[in-house]
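# Summary of the model geometry
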Amino acid sequence: LVAFTDGLVESRREILDVGLKRLEKAALDCDGQRVDQMLDFVLDELDAQHSEDDIAILALRWVE
């Protein structure tokens, strides 16, 4: 489960759906990684350092 604020996926340069697809791809690309590694990867892939908005992201993984 990944919860996030709009600053992670929203950009003035593209429509929201494009940002959501980039998030989906990044999350799927790091399947199997630890949660902290996944969050680092997602933030890097979405270039969160250069966001014009604030960003919050929370991830949970259920383990059996």
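A brief structural summary. Computed from a prediction, not measured in an experiment: that's the story for all the values here. (Residues numbered from 1 in each chain as written. Predicted model: local features only at pLDDT ≥ 70, side-chain atom pairs only at ≥ 80, totals over all residues. Heavy atoms only, no water.)

Turning our attention to the packing of helix α1 (residues 16-29) against helix α2 (residues 35-45). For the pair α1 and α2, interaxial distance at closest approach is 9 Å and the crossing angle is 145 degrees. Between α1 and α2 lies a crossing of right-handed hand. Residue-level inspection shows R22, L23, A26, A27 and D29 of α1 in contact with α2, the latter providing F41, V42 and E45. Each residue belonging to the contact of α1 with α2 can be placed in one class, and the counts come to five nonpolar, no polar and three charged. (Axes fitted to C-alpha atoms, helices over the stretch in contact; angles between N-to-C directions. Helix = DSSP H or I, 4+ residues; strand = E, 2+ residues; numbered from the N terminus. Left-handed = near helix turned anticlockwise from the far one by under 90°. Contact = heavy atoms within 4.5 Å. Nonpolar A, V, L, I, M, F, W, Y, C, P; charged D, E, K, R; others polar.)

This paragraph deals with the layout of surface pockets. Volume-wise, the largest pocket comes out at about 360 Å³. Lining the largest pocket are 17 residues, and of these E10, S11, R13, S51 and E52 lie nearest its centre. Looking at the lining of the largest pocket, its residues break down into five nonpolar, four polar and eight charged. (1 Å grid on protein atoms, 1.4 Å probe; cavity = no way out; pocket = protein on both sides within 12 Å on 5 of 7 lines; lining within 4 Å. Points joined across faces, edges and corners; volume = space filled by probe spheres on them.)

Turning our eyes to something else, we now look at α2. Within the span of α2, buried status applies to M38, L39 and V42. Buried residues of α2, viewed axially, fall in a sector of 100 degrees; they line one side. (Buried < 20%, exposed > 50% of the residue type's maximum accessible area, 1.4 Å probe, protein only. Arc of directions from axis to C-beta.)

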